[in-house]
Amino acid sequence: MTPTRSRVFTAALAMATALSMTACAPGSGTKTDTGTGDGAATGDAAAGECTDVAMRLSHQWPEPAAEDGDFRALIATKFAEGVDKETDGKVKVTVYPNSTLSKATEQYDAMMTGAIDASVFPLDYASGRVPQWSITLMPALVQSHDEAKAWDSGEIGQAVHEHMKENGLVALTDVWNAGAIGVKGDPILRPDDIKGGMTMRAAGTYVEHMLEDAGAGITSLPSSEIYTAMQTGILDAAVTSTGSFASYNLQELVTSFTSPTTHTFWFMYEPLVVTTEAFDKLCAEQQDAVLKVGKDLQEYAYTASQEDDARVEKIFKDAGVDVVTMSDADFEAWLPLAKKQWDDYAKNVDGGQKFLDLALKLREGR
(Lines give C-alpha, C1' and ligand atoms only; values in the text may rest on other atoms or scores of the structure.)
Protein backbone atom coordinates (compact mmCIF):
# COMPACT_ATOMS: atom_id res chain seq x y z
CA MET A 1 0.00 0.00 0.00
CA THR A 2 1.31 3.45 -0.84
CA PRO A 3 2.01 5.39 2.37
CA THR A 4 -0.16 8.40 3.05
CA ARG A 5 1.49 11.79 2.84
CA SER A 6 1.43 12.23 6.60
CA ARG A 7 3.16 8.87 7.07
CA VAL A 8 5.80 9.80 4.53
CA PHE A 9 6.38 13.13 6.26
CA THR A 10 6.55 11.51 9.68
CA ALA A 11 9.01 8.90 8.51
CA ALA A 12 11.21 11.49 6.81
CA LEU A 13 11.18 13.73 9.84
CA ALA A 14 12.03 10.84 12.12
CA MET A 15 14.91 9.89 9.86
CA ALA A 16 16.24 13.45 9.86
CA THR A 17 16.05 13.65 13.64
CA ALA A 18 17.78 10.31 14.05
CA LEU A 19 20.57 11.35 11.71
CA SER A 20 21.27 14.41 13.82
CA MET A 21 21.74 12.20 16.88
CA THR A 22 24.12 9.66 15.40
CA ALA A 23 27.64 10.03 14.14
CA CYS A 24 27.17 7.80 11.11
CA ALA A 25 23.81 6.23 10.44
CA PRO A 26 23.79 3.52 7.76
CA GLY A 27 24.04 4.96 4.29
CA SER A 28 24.37 8.55 5.46
CA GLY A 29 26.93 11.11 6.51
CA THR A 30 27.59 12.88 9.75
CA LYS A 31 26.01 16.32 10.06
CA THR A 32 28.09 19.43 9.72
CA ASP A 33 29.39 20.67 13.06
CA THR A 34 28.26 24.28 12.71
CA GLY A 35 25.55 26.23 10.97
CA THR A 36 26.54 27.53 7.55
CA GLY A 37 29.59 26.72 5.53
CA ASP A 38 31.80 25.10 8.17
CA GLY A 39 33.04 21.53 7.90
CA ALA A 40 31.84 18.67 5.75
CA ALA A 41 30.04 15.44 6.45
CA THR A 42 31.80 12.10 6.45
CA GLY A 43 30.09 8.75 6.23
CA ASP A 44 29.19 6.02 3.75
CA ALA A 45 28.13 8.45 1.01
CA ALA A 46 30.91 10.92 1.74
CA ALA A 47 33.55 8.20 1.78
CA GLY A 48 32.42 6.78 -1.53
CA GLU A 49 33.33 7.73 -5.06
CA CYS A 50 31.89 11.01 -6.38
CA THR A 51 29.10 10.36 -8.85
CA ASP A 52 26.83 12.68 -10.81
CA VAL A 53 24.02 14.11 -8.69
CA ALA A 54 20.89 16.02 -9.74
CA MET A 55 19.19 18.30 -7.22
CA ARG A 56 15.89 20.21 -7.39
CA LEU A 57 15.75 23.65 -5.80
CA SER A 58 12.27 25.15 -5.63
CA HIS A 59 11.23 28.57 -4.32
CA GLN A 60 8.23 30.88 -4.42
CA TRP A 61 9.86 33.98 -5.88
CA PRO A 62 9.42 35.13 -9.52
CA GLU A 63 12.22 34.09 -11.86
CA PRO A 64 14.75 36.95 -12.13
CA ALA A 65 15.10 38.41 -15.60
CA ALA A 66 18.29 40.27 -14.68
CA GLU A 67 20.52 41.22 -11.74
CA ASP A 68 17.85 43.62 -10.48
CA GLY A 69 15.34 40.82 -9.97
CA ASP A 70 14.26 39.46 -6.59
CA PHE A 71 17.54 38.86 -4.75
CA ARG A 72 16.21 35.67 -3.14
CA ALA A 73 15.60 34.19 -6.58
CA LEU A 74 19.05 35.40 -7.60
CA ILE A 75 20.58 33.59 -4.62
CA ALA A 76 19.04 30.35 -5.91
CA THR A 77 20.37 30.98 -9.43
CA LYS A 78 23.83 31.95 -8.22
CA PHE A 79 23.92 28.86 -6.00
CA ALA A 80 23.11 26.55 -8.91
CA GLU A 81 25.76 28.20 -11.07
CA GLY A 82 28.35 28.11 -8.29
CA VAL A 83 27.77 24.44 -7.49
CA ASP A 84 28.05 23.51 -11.15
CA LYS A 85 31.40 25.31 -11.33
CA GLU A 86 32.80 24.04 -8.04
CA THR A 87 31.94 20.40 -8.82
CA ASP A 88 32.93 20.53 -12.51
CA GLY A 89 29.36 19.72 -13.45
CA LYS A 90 29.12 16.67 -11.19
CA VAL A 91 26.32 18.23 -9.15
CA LYS A 92 23.55 19.83 -11.20
CA VAL A 93 21.06 22.03 -9.36
CA THR A 94 17.92 22.79 -11.34
CA VAL A 95 16.03 25.83 -10.03
CA TYR A 96 12.23 25.86 -10.15
CA PRO A 97 11.00 29.41 -9.37
CA ASN A 98 7.54 30.81 -8.70
CA SER A 99 6.24 27.81 -6.68
CA THR A 100 6.64 25.54 -9.70
CA LEU A 101 7.16 22.33 -7.69
CA SER A 102 5.62 23.27 -4.37
CA LYS A 103 3.17 25.77 -2.95
CA ALA A 104 4.90 28.41 -0.85
CA THR A 105 3.58 27.21 2.49
CA GLU A 106 4.23 23.53 1.70
CA GLN A 107 7.93 23.73 0.88
CA TYR A 108 9.12 22.12 4.10
CA ASP A 109 6.75 19.19 3.64
CA ALA A 110 7.94 18.84 0.05
CA MET A 111 11.55 18.72 1.19
CA MET A 112 10.83 16.18 3.91
CA THR A 113 9.07 13.85 1.45
CA GLY A 114 11.91 14.21 -1.09
CA ALA A 115 9.84 16.05 -3.69
CA ILE A 116 12.44 18.83 -3.66
CA ASP A 117 15.99 18.87 -2.33
CA ALA A 118 16.63 22.52 -1.56
CA SER A 119 14.89 25.86 -1.27
CA VAL A 120 15.13 29.52 -0.35
CA PHE A 121 12.10 29.76 1.89
CA PRO A 122 10.67 31.55 4.94
CA LEU A 123 11.50 29.23 7.83
CA ASP A 124 8.44 30.32 9.81
CA TYR A 125 6.25 28.85 7.05
CA ALA A 126 7.18 25.50 8.60
CA SER A 127 6.28 26.50 12.17
CA GLY A 128 3.10 24.44 11.98
CA ARG A 129 5.42 21.42 11.88
CA VAL A 130 8.27 22.87 13.96
CA PRO A 131 6.79 25.52 16.31
CA GLN A 132 10.21 26.56 17.61
CA TRP A 133 11.00 28.19 14.25
CA SER A 134 8.55 31.01 14.95
CA ILE A 135 11.44 32.63 16.81
CA THR A 136 12.75 33.64 13.36
CA LEU A 137 9.68 35.83 12.75
CA MET A 138 8.90 37.16 16.21
CA PRO A 139 7.56 40.74 16.08
CA ALA A 140 10.09 43.44 16.97
CA LEU A 141 12.69 40.91 18.14
CA VAL A 142 15.17 41.61 15.31
CA GLN A 143 15.13 45.33 14.64
CA SER A 144 17.80 45.95 12.01
CA HIS A 145 19.99 44.33 9.38
CA ASP A 146 22.97 44.65 11.74
CA GLU A 147 21.06 42.73 14.41
CA ALA A 148 20.21 40.04 11.85
CA LYS A 149 23.91 39.59 11.06
CA ALA A 150 24.78 39.42 14.75
CA TRP A 151 21.99 36.87 15.25
CA ASP A 152 23.48 34.53 12.64
CA SER A 153 26.95 34.53 14.18
CA GLY A 154 25.72 34.46 17.78
CA GLU A 155 24.42 31.76 20.08
CA ILE A 156 20.84 32.18 18.91
CA GLY A 157 21.82 31.70 15.27
CA GLN A 158 23.82 28.60 16.05
CA ALA A 159 20.94 27.20 18.11
CA VAL A 160 18.55 27.72 15.20
CA HIS A 161 21.01 26.11 12.77
CA GLU A 162 21.35 23.08 15.02
CA HIS A 163 17.60 22.78 15.41
CA MET A 164 17.20 22.94 11.64
CA LYS A 165 19.62 20.02 11.26
CA GLU A 166 17.70 18.07 13.89
CA ASN A 167 14.64 18.57 11.71
CA GLY A 168 16.13 17.68 8.34
CA LEU A 169 17.63 20.90 6.96
CA VAL A 170 21.20 22.16 6.46
CA ALA A 171 21.45 25.98 6.37
CA LEU A 172 23.77 27.08 3.57
CA THR A 173 23.19 30.85 3.42
CA ASP A 174 21.48 33.01 6.02
CA VAL A 175 18.92 35.31 4.41
CA TRP A 176 16.92 38.00 6.21
CA ASN A 177 14.29 40.41 4.95
CA ALA A 178 12.89 43.56 6.49
CA GLY A 179 9.14 43.99 6.18
CA ALA A 180 6.96 46.91 5.09
CA ILE A 181 3.25 47.69 5.45
CA GLY A 182 1.15 48.42 2.37
CA VAL A 183 -2.36 49.79 2.78
CA LYS A 184 -5.28 50.62 0.52
CA GLY A 185 -5.85 53.77 2.55
CA ASP A 186 -3.98 55.85 5.10
CA PRO A 187 -0.58 54.62 6.31
CA ILE A 188 -0.11 52.44 9.37
CA LEU A 189 2.61 53.68 11.70
CA ARG A 190 1.22 52.76 15.13
CA PRO A 191 -1.27 50.20 16.45
CA ASP A 192 -3.87 52.97 16.73
CA ASP A 193 -3.72 53.41 12.93
CA ILE A 194 -5.39 50.02 12.44
CA LYS A 195 -9.06 50.83 12.02
CA GLY A 196 -11.81 48.50 13.16
CA GLY A 197 -12.80 46.05 10.45
CA MET A 198 -9.48 46.37 8.57
CA THR A 199 -8.39 43.01 7.15
CA MET A 200 -4.64 42.42 7.04
CA ARG A 201 -2.17 39.80 5.96
CA ALA A 202 1.06 39.27 7.88
CA ALA A 203 3.26 36.20 7.64
CA GLY A 204 4.02 34.72 11.04
CA THR A 205 1.57 33.47 13.65
CA TYR A 206 2.83 35.82 16.34
CA VAL A 207 2.83 38.86 14.06
CA GLU A 208 -0.75 37.99 13.15
CA HIS A 209 -1.69 37.77 16.83
CA MET A 210 -0.07 41.13 17.49
CA LEU A 211 -2.07 42.76 14.71
CA GLU A 212 -5.25 41.10 15.98
CA ASP A 213 -4.58 42.65 19.38
CA ALA A 214 -4.30 46.00 17.60
CA GLY A 215 -7.76 45.48 16.08
CA ALA A 216 -7.11 43.92 12.68
CA GLY A 217 -8.90 40.99 11.11
CA ILE A 218 -6.42 38.48 9.69
CA THR A 219 -6.39 36.57 6.42
CA SER A 220 -3.49 34.11 6.20
CA LEU A 221 -1.95 33.54 2.78
CA PRO A 222 1.52 33.49 1.17
CA SER A 223 2.99 36.67 -0.28
CA SER A 224 2.46 35.40 -3.81
CA GLU A 225 -1.31 35.67 -3.28
CA ILE A 226 -1.44 39.20 -1.81
CA TYR A 227 -1.99 40.97 -5.14
CA THR A 228 -5.12 38.98 -6.00
CA ALA A 229 -6.45 39.25 -2.44
CA MET A 230 -6.09 43.04 -2.52
CA GLN A 231 -7.47 43.28 -6.02
CA THR A 232 -10.60 41.35 -5.05
CA GLY A 233 -11.15 43.23 -1.80
CA ILE A 234 -10.19 40.39 0.54
CA LEU A 235 -7.33 42.44 2.01
CA ASP A 236 -7.14 46.08 3.04
CA ALA A 237 -3.48 45.93 4.05
CA ALA A 238 -0.51 43.59 4.03
CA VAL A 239 2.79 43.15 5.84
CA THR A 240 5.46 41.35 3.87
CA SER A 241 9.10 41.72 2.86
CA THR A 242 10.15 44.73 0.82
CA GLY A 243 11.33 42.37 -1.91
CA SER A 244 7.91 40.76 -2.20
CA PHE A 245 6.21 44.17 -2.38
CA ALA A 246 8.20 44.88 -5.55
CA SER A 247 8.29 41.37 -7.01
CA TYR A 248 4.50 41.09 -6.84
CA ASN A 249 3.90 44.69 -8.07
CA LEU A 250 1.90 45.76 -5.04
CA GLN A 251 2.65 49.42 -5.83
CA GLU A 252 -0.19 49.07 -8.34
CA LEU A 253 -2.74 48.50 -5.57
CA VAL A 254 -1.71 50.23 -2.33
CA THR A 255 -1.99 53.95 -1.68
CA SER A 256 0.38 54.07 1.32
CA PHE A 257 3.59 52.23 2.15
CA THR A 258 5.38 52.15 5.50
CA SER A 259 9.00 51.56 4.53
CA PRO A 260 11.38 49.75 6.92
CA THR A 261 14.33 52.05 6.24
CA THR A 262 14.12 53.49 9.78
CA HIS A 263 12.16 50.93 11.83
CA THR A 264 10.07 47.81 11.32
CA PHE A 265 8.50 45.23 13.62
CA TRP A 266 8.90 42.55 10.91
CA PHE A 267 12.19 40.79 10.11
CA MET A 268 11.95 37.33 8.60
CA TYR A 269 14.55 34.58 8.20
CA GLU A 270 14.42 33.02 4.71
CA PRO A 271 17.56 30.88 4.34
CA LEU A 272 18.95 28.89 1.47
CA VAL A 273 18.73 25.29 2.67
CA VAL A 274 19.32 21.75 1.48
CA THR A 275 17.80 18.68 3.07
CA THR A 276 20.05 16.47 5.16
CA GLU A 277 18.94 13.55 3.00
CA ALA A 278 20.11 15.23 -0.21
CA PHE A 279 23.29 16.51 1.44
CA ASP A 280 24.23 13.06 2.68
CA LYS A 281 24.00 11.65 -0.84
CA LEU A 282 26.95 13.82 -1.86
CA CYS A 283 30.52 12.65 -1.53
CA ALA A 284 32.79 14.65 0.80
CA GLU A 285 34.25 16.71 -2.03
CA GLN A 286 30.78 17.66 -3.26
CA GLN A 287 29.62 18.50 0.26
CA ASP A 288 32.58 20.82 0.65
CA ALA A 289 31.70 22.48 -2.65
CA VAL A 290 28.05 23.00 -1.69
CA LEU A 291 29.01 24.48 1.69
CA LYS A 292 31.59 26.74 0.06
CA VAL A 293 29.14 28.12 -2.48
CA GLY A 294 26.61 28.80 0.27
CA LYS A 295 29.22 30.58 2.36
CA ASP A 296 30.43 32.61 -0.63
CA LEU A 297 26.87 33.89 -1.14
CA GLN A 298 26.53 35.14 2.44
CA GLU A 299 27.81 38.69 1.99
CA TYR A 300 25.71 39.09 -1.15
CA ALA A 301 22.62 38.00 0.80
CA TYR A 302 23.22 40.57 3.53
CA THR A 303 24.04 43.44 1.16
CA ALA A 304 21.25 42.73 -1.30
CA SER A 305 18.66 42.55 1.46
CA GLN A 306 19.64 45.90 2.95
CA GLU A 307 19.81 47.56 -0.47
CA ASP A 308 16.37 46.16 -1.27
CA ASP A 309 14.74 48.42 1.31
CA ALA A 310 15.87 51.62 -0.43
CA ARG A 311 15.28 50.17 -3.90
CA VAL A 312 11.69 49.25 -3.16
CA GLU A 313 11.01 52.51 -1.34
CA LYS A 314 11.98 54.34 -4.54
CA ILE A 315 9.77 52.09 -6.68
CA PHE A 316 6.77 52.98 -4.55
CA LYS A 317 7.58 56.69 -4.45
CA ASP A 318 7.97 56.74 -8.24
CA ALA A 319 4.58 55.02 -8.55
CA GLY A 320 2.93 57.85 -6.60
CA VAL A 321 2.38 55.87 -3.40
CA ASP A 322 2.50 57.78 -0.10
CA VAL A 323 5.73 56.49 1.46
CA VAL A 324 6.29 57.00 5.19
CA THR A 325 8.70 55.69 7.83
CA MET A 326 8.30 54.95 11.55
CA SER A 327 9.77 57.30 14.13
CA ASP A 328 11.34 55.96 17.32
CA ALA A 329 8.08 56.70 19.14
CA ASP A 330 6.05 54.91 16.46
CA PHE A 331 8.14 51.78 16.83
CA GLU A 332 8.04 51.86 20.62
CA ALA A 333 4.24 51.94 20.46
CA TRP A 334 4.34 48.39 19.07
CA LEU A 335 6.63 46.97 21.76
CA PRO A 336 4.01 46.18 24.45
CA LEU A 337 2.00 44.17 21.92
CA ALA A 338 5.15 42.49 20.59
CA LYS A 339 6.42 41.53 24.04
CA LYS A 340 3.10 39.87 24.80
CA GLN A 341 3.77 37.56 21.83
CA TRP A 342 7.29 36.83 23.06
CA ASP A 343 5.83 35.69 26.37
CA ASP A 344 3.19 33.54 24.67
CA TYR A 345 5.86 31.85 22.54
CA ALA A 346 8.08 31.14 25.54
CA LYS A 347 5.14 29.76 27.53
CA ASN A 348 3.48 27.62 24.85
CA VAL A 349 6.34 26.26 22.70
CA ASP A 350 8.58 23.45 23.90
CA GLY A 351 12.04 24.98 24.26
CA GLY A 352 10.68 28.41 23.36
CA GLN A 353 12.04 30.06 26.49
CA LYS A 354 15.56 28.91 25.59
CA PHE A 355 15.37 30.40 22.11
CA LEU A 356 13.84 33.63 23.39
CA ASP A 357 16.48 33.99 26.11
CA LEU A 358 19.27 33.59 23.55
CA ALA A 359 17.69 36.18 21.27
CA LEU A 360 17.23 38.66 24.11
CA LYS A 361 20.77 37.99 25.36
CA LEU A 362 22.05 39.01 21.94
CA ARG A 363 20.03 42.23 21.96
CA GLU A 364 21.11 43.13 25.49
CA GLY A 365 24.75 42.57 24.55
CA ARG A 366 24.66 44.93 21.59
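So, a few notes on the structure that sits alongside this text.

About the thresholds
Residues numbered from 1 in each chain as written. Predicted model: local features only at pLDDT ≥ 70, side-chain atom pairs only at ≥ 80, totals over all residues. Heavy atoms only, no water. Helix = DSSP H or I, 4+ residues; strand = E, 2+ residues; numbered from the N terminus. Expected span 1.5 Å × (residues − 1). Bend = angle between axes of the 7 residues up to and from the residue. Buried < 20%, exposed > 50% of the residue type's maximum accessible area, 1.4 Å probe, protein only. Salt bridge = Lys/Arg side-chain N within 4 Å of Asp/Glu carboxyl O. Core = buried A, V, L, I, M, F, W, Y, C linked by side-chain atoms within 4.5 Å. Contact = heavy atoms within 4.5 Å.

## Comments concerning helix 12 (residues 298-318)
So, point 1. Its 21 residues place the ends of helix 12 30 Å apart at the C-alpha level, agreeing with the 30 Å of an ideal helix rising 1.5 Å per residue.
So, point 2. Taken as a whole, helix 12 carries its principal kink of about 30 degrees at Asp308.
So, point 3. Within helix 12, burial applies to Gln298, Ala301, Tyr302, Ala304, Ser305, Asp308, Asp309, Val312, Glu313 and Phe316.
So, point 4. One or two steps after helix 12, the chain reaches Gly320, where phi turns positive at roughly 85 degrees.

## Here we look at the pattern of salt bridges
So, point 1. Taken as a whole and judged by the stated rule, the model has 15 salt bridges.
So, point 2. Lys292 is paired through a salt bridge with Glu86; the nearest N and O atoms lie 3.4 Å apart. With Lys292 in helix 11 (residues 284-296) and Glu86 in helix 3 (residues 71-86), this residue pair connects regions lying 206 residues apart in the sequence.
So, point 3. The class for Glu86 is partly exposed, based on a relative accessible area of 35%.
So, point 4. Among the charged side chains, a network of salt bridges with common partners joins Asp70, Arg72 and Glu270.

## A closer look at the nonpolar core
So, point 1. Judged by nonpolar contacts, the single largest core of 69 residues is most densely connected at Trp151, Leu169, Met200, Leu211, Phe265 and Trp334.
So, point 2. It is helix 13 (residues 328-348) that provides the largest number of residues to this core, a total of eight residues.
So, point 3. If sequence neighbours within four positions are ignored, Leu169 has contacts with Tyr108, Met111, Met112, Phe121, Leu123, Trp133, Met164, Val273, Val274, Thr275 and Thr276.
So, point 4. Core analysis: the next-biggest nonpolar cluster, separate from the first, contains 46 residues, Leu57, Val93, Val120 and Ala278 among them.

## Quick look at helix 14 (residues 352-364)
So, point 1. In this model helix 14 runs 18 Å from its N-terminal to its C-terminal C-alpha over 13 residues, within 8% of the 18 Å that 1.5 Å per residue would give.
So, point 2. Looking at the buried positions of helix 14, the neighbouring elements they touch are helix 5 (145-153), helix 6 (155-166) and helix 13.

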